[in-house]
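# Residue-level structural notes
Okay, here's what each chain looks like letter by letter:
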Amino acid sequence: METAKKEFENLVYQGMRSYGLDELSSKLLAILHSEPDPLTLEELSTITGYSFSAVSAAMKLLTGITLVEKTKKAGSKKLYFSVQKDMLIMTIDAIKAKNEAFVSPALKDLPAIIERCRKNKTEESEEMLKLIEDYYQQMVALDLIFKHLTEFIENIRMELNKK
């Protein structure tokens, strides 16, 4: 069983590295994916062989980009870390986060920017207007893509849960 666990961790590690994560962050995610229960910073430091402070800094980053969840257990001051093990939910959450951080603000703010640009009648403003309108149309398309992709993944997840 230990071999299967190590092979699984290596697979997750390689996947995280391919997304550009550093060695320690990738190791931590691989470990958390292979553990059934949340782990403390001390446990993660012992397992990885990295210092407590290095593990703490990496976990702060991973928590900040919502790849890792941190919790506290009743009566304990220690933080416990885990990952969403349902890859479909993780994908949906990532799509929604990208949409909320990137697309939604653009859809909200760009119409007013376009209107101000339309009122400014210079040659430069015409060029800028075209760039901004193209960008806005791309954001509209991304919003639609993200919504359809989320629905598609949710439907697949429901089908899998029926089995």
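Residues numbered from 1 in each chain as written. Predicted model: local features only at pLDDT ≥ 70, side-chain atom pairs only at ≥ 80, totals over all residues. Heavy atoms only, no water.

### Notes on helix H6 (residues 123–162)
- Between its first and last C-alpha atoms H6 spans 59 Å; for 40 residues at 1.5 Å apiece the expected length is 58 Å, and the two agree.
- For H6, the complete set of buried residues consists of Ser-125, Leu-129, Ile-132, Met-139, Asp-143, Phe-146, Thr-150 and Ile-153. (Helix = DSSP H or I, 4+ residues; strand = E, 2+ residues; numbered from the N terminus. Expected span 1.5 Å × (residues − 1). Buried < 20%, exposed > 50% of the residue type's maximum accessible area, 1.4 Å probe, protein only.)

### Observations regarding unusual backbone geometry
- For Thr-66, which is not a glycine, the phi torsion comes out positive at approximately 60 degrees.
- By the secondary structure assignment, Thr-66 is in the loop between helix H4 (52–64) and strand S2 (69–72).

### Looking at helix H5 (residues 87–119)
- For H5, spanning 33 residues, the distance from its first C-alpha to its last is 47 Å, which sits close to the expected 48 Å at 1.5 Å a residue.
- Against the buried residues of H5 lie H6.
- At the N-terminal boundary of H5, the capping side chain belongs to Asp-86, with an oxygen 3.0 Å from the backbone nitrogen of Leu-88. (Contact = heavy atoms within 4.5 Å. Polar contact = N/O pair within 3.5 Å; in protein donor to acceptor, adjacent residues only side chain to side chain.)

### Observations regarding the side chain of Glu-35
- Its location among the elements puts Glu-35 in the loop between helix H2 (23–34) and strand S1 (39–40).
- Non-local contacts of Glu-35, meaning those with residues more than four positions away in its chain, are made with Lys-5 and Lys-85.

### Observations concerning a positive patch on the surface
- Together, Lys-60, Lys-70, Lys-72 and Lys-77 make up a region of like positive charge exposed at the surface.
- Mapping Lys-72 onto the fold places it in strand S2. (Patch = residues over 30% accessible without salt bridge, like charges linked within 9 Å, V, L, I, M, F, W, Y side chains within 5 Å. Areas by Shrake-Rupley, 256 points an atom, 1.4 Å probe, with all protein chains shown as cover. Salt bridge = Lys/Arg side-chain N within 4 Å of Asp/Glu carboxyl O. Lys, Arg positive; Asp, Glu negative; His and termini not counted. Charge placed at Lys NZ, Arg CZ, Asp CG, Glu CD.)

### Focus: the packing of aromatic side chains
- According to the stated counting rule, one finds zero aromatic pairs in the structure shown.
- Between the NZ or CZ atom of Lys-73 and the centre of the ring of Tyr-80, over which it lies, the distance is 4.3 Å. (Phe/Tyr/Trp six-rings, centres within 6.5 Å; stacked < 30°, edge-to-face > 60°. Lys NZ or Arg CZ within 6 Å of the ring centre and 35° of its normal.)

### A word on the confidence of the model for the protein chain
- The predicted model of the protein chain averages 92 in pLDDT, with 99% of residues at 70 or higher.
- Ranking the elements of the protein chain by mean pLDDT puts H5 last with 92 and helix H3 (residues 41–48) first with 97. (pLDDT = per-residue confidence, 0-100.)

### Here we look at the pairing of strand S3 (residues 79–82)
- Of the pairings in the sheet, the one linking S1 to S3 comprises two bridges and is antiparallel in character. Counted as the bridge partner of Leu-39 is Phe-81 from S3.
- Where S2 and S3 come together, four bridges link them in antiparallel fashion. Across the sheet, Lys-70 pairs through a bridge with Phe-81, a residue of S3.
- Hairpin connection of S2 to S3: six residues between the antiparallel strands, including Gly-75 at a positive phi of 80 degrees. (Pairing = 2+ DSSP bridges.)

### Regarding the pattern of salt bridges
- By the definition in use, this model includes 11 salt bridges.
- The closest approach of N and O atoms between Lys-5 and Glu-35, which form a salt bridge, is 2.6 Å. Of the two residues, Lys-5 sits in helix H1 (residues 2–18) while Glu-35 sits in the loop between H2 and S1, which places them 30 residues apart along the sequence.
- Judged by relative accessible area, Lys-5 falls into the partly exposed class, the value being 26%.
- Residue classification places Glu-35 among the buried residues on the basis of a relative accessible area of 17%.
- Residues Glu-115 and Arg-118 are paired through a salt bridge, measuring 3.9 Å at the closest nitrogen-oxygen approach. A residue pair is termed a helical-turn pair when its members lie 3 or 4 positions apart in one helix, as Glu-115 and Arg-118 do in helix H5 at three residues.
- Sharing partners across several salt bridges, the network here consists of Glu-115, Arg-118 and Glu-133.

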